[in-house]
Amino acid sequence: ATMSLAPVELDEGPPTIAGQSHAEDMAVHGYLGHWGTDGSIPELRYNMAGGSDMVFENASCFTDEAPRTIDPAPWIAAAQVVSTEAMFFNEKPPTDGHRKNILKAFHRRVGIGIGQPLPRPLEIPVPCFSQEFVDPYGSYAPVPPVLRVGQMLHVEGAIAAPATVAGVGLARVALPAPLAVSELNRRRSYPVPQPYQMYWPQGYVTPIPLRVGPTGFAIDVPVSDKGQAGLYELSIWAKLPGEADFIIVGMRTLRVQ
C-alpha cells in the first residue's frame, strides 16, 4: 500500500538539542536505549532543552559498552545515515516500533542528533543517531519544576486546530538516578508511563472536571500518587482527525518531593 504523509519539519531547537545530547551519550559509552547514563528519559531530556510538547524517540547505536571520546567535528558517511534509516523503516512486526514511529501521521517536527566517536586504530567510525519526533499542537502555561507531594498544580493552555483538547493526565516514575551501561543496554524499549489519574471535561466521570472554553483549558489538580515522591509526568491529551484514540500532545516533567 502506498502512503501519502506530509513531511516532518526539522526543528533545530529543543528536539535536536535533546537528541544530540542523547546520541553523544550513547556513542561515548557504547550503548543503545532510551534511558541516559544520568537516568534521564526522552521527555525529561526534551523538557530540559526547553520543549513542552510530546516527544517520541528513535535511537540507534553500537552496544559494546566500551568508553570512547566523541569527535567534536565528525565526517559522517552518507551511507551510514541511509542504512540506519533503512533499518528503522524496514522493520517487520512485531518488532517494528521505529517504523511505526516514523509513519505516525500526526508527527509534525523532528530533531536529529548524531554522535560519532573518534576512530580507534583499525576501526571504522560509526555514528549513533537519535530522532526526536515532536507534536506541537498546543501552547501551555509554565509549571513549577519542583513541587511537594499533595501540592495543587495549576494547568492551563490552548490546543490549536485541527486538534481539540481531550483531557489531562498525571503519571509517576522514579526520579532519575545514574545507570550502569550494562543496564542501559538491557532497557531497550521505552513505554510512555500510563497516568495514575486522568481528568476529563464536564460530562465524563472525573474527579475534577477539566474546564474547557472557547480559547483554552484549565484545571487545578493535586500532585499525589498515593503520597509518593518521584518524577511526575503531566500529559495533555487531544483528539486528532483520523486518529481513533486520544493522543498525548503535551508533556512536562515535575520533580515531586
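Above this text is the structure in question.
What comes next is a walk through the structure.

So, how was this worked out
Residues numbered from 1 in each chain as written. Predicted model: local features only at pLDDT ≥ 70, side-chain atom pairs only at ≥ 80, totals over all residues. Heavy atoms only, no water. Pairing = 2+ DSSP bridges. Helix = DSSP H or I, 4+ residues; strand = E, 2+ residues; numbered from the N terminus. Salt bridge = Lys/Arg side-chain N within 4 Å of Asp/Glu carboxyl O. Buried < 20%, exposed > 50% of the residue type's maximum accessible area, 1.4 Å probe, protein only. Contact = heavy atoms within 4.5 Å. Axes fitted to C-alpha atoms, helices over the stretch in contact; angles between N-to-C directions. Polar contact = N/O pair within 3.5 Å; in protein donor to acceptor, adjacent residues only side chain to side chain. Core = buried A, V, L, I, M, F, W, Y, C linked by side-chain atoms within 4.5 Å.

1. Remarks on the sheet that holds strand E11 (residues 217-222)
Then, in step 1: Reading across the sheet, the four strands line up as E5-E7-E11-E10 and stay open at both edges, with antiparallel pairing between neighbours. At either margin of the open sheet sits one strand with a lone partner, and together these are strand E5 (138-140) and strand E10 (211-212).
Then, in step 2: Two strands pair when backbone bridges link them, and strand E7 (residues 152-159) and E11 are joined in this way by six bridges, in the antiparallel orientation. Following the sheet pairing, Gly 157 is matched in E11 by Phe 217.

2. Some remarks on the environment of Gln 197
Then, in step 1: Following the sequence through the fold, Gln 197 ends up in strand E9 (residues 197-199).
Then, in step 2: For Gln 197 and Val 223, which are 26 residues apart along the polypeptide, the C-alpha to C-alpha distance reads 9.9 Å.

3. Concerning the pattern of salt bridges
Then, in step 1: Scanning the entire structure with this criterion turns up nine salt bridges.
Then, in step 2: With a closest N to O distance of 3.3 Å, Asp 11 and Arg 109 form a salt bridge. With Asp 11 in the loop between strand E1 (9-10) and helix H1 (14-29) and Arg 109 in strand E3 (residues 109-115), this residue pair connects regions lying 98 residues apart in the sequence.
Then, in step 3: Judged by relative accessible area, which is 14%, Asp 11 ranks as buried.

4. A word on the sheet that holds strand E2 (residues 55-60)
Then, in step 1: Here we have four strands laid out as an open sheet, ordered E1-E3-E4-E2, and mixed in their pairing. At either end of the open sheet lies a strand with only one pairing partner, and these are E1 and E2.
Then, in step 2: Helix-sheet contacts for H1 involve E1, E2, E3 and strand E4 (128-134), and the interaxial angle to E3 is about 30 degrees.

5. Looking at the side chain of Asn 47
Then, in step 1: By secondary structure assignment, the location of Asn 47 is in helix H2 (residues 42-48).
Then, in step 2: Separated by 2.7 Å, the side chain of Asn 47 and the backbone nitrogen of Thr 253 make a polar contact.
Then, in step 3: If near-sequence neighbours (up to four positions away) are discounted, Asn 47 is found in contact with Ser 52, Met 251, Arg 252 and Thr 253.

6. Structural notes on the nonpolar core
Then, in step 1: The biggest cluster of nonpolar side chains holds 39 residues, and the ones touching the most others in it are Leu 153, Ile 159, Phe 217 and Val 249.
Then, in step 2: Contributions of two or more residues to this core are made by E7, strand E8 (164-173), E9, E11, strand E12 (230-239) and strand E13 (247-256).
Then, in step 3: Top contributing element to this core by residue count: E13, with six residues.
Then, in step 4: Those residues in contact with Ile 159, other than ones at most four positions away along the chain, are Tyr 137, Gly 138, Tyr 140, Thr 164, Val 165, Phe 217, Ile 236, Ala 238 and Val 249.
Then, in step 5: Of all hydrophobic cores here, the second largest spans 16 residues; its members include Ile 41, Phe 62, Cys 128 and Leu 184.

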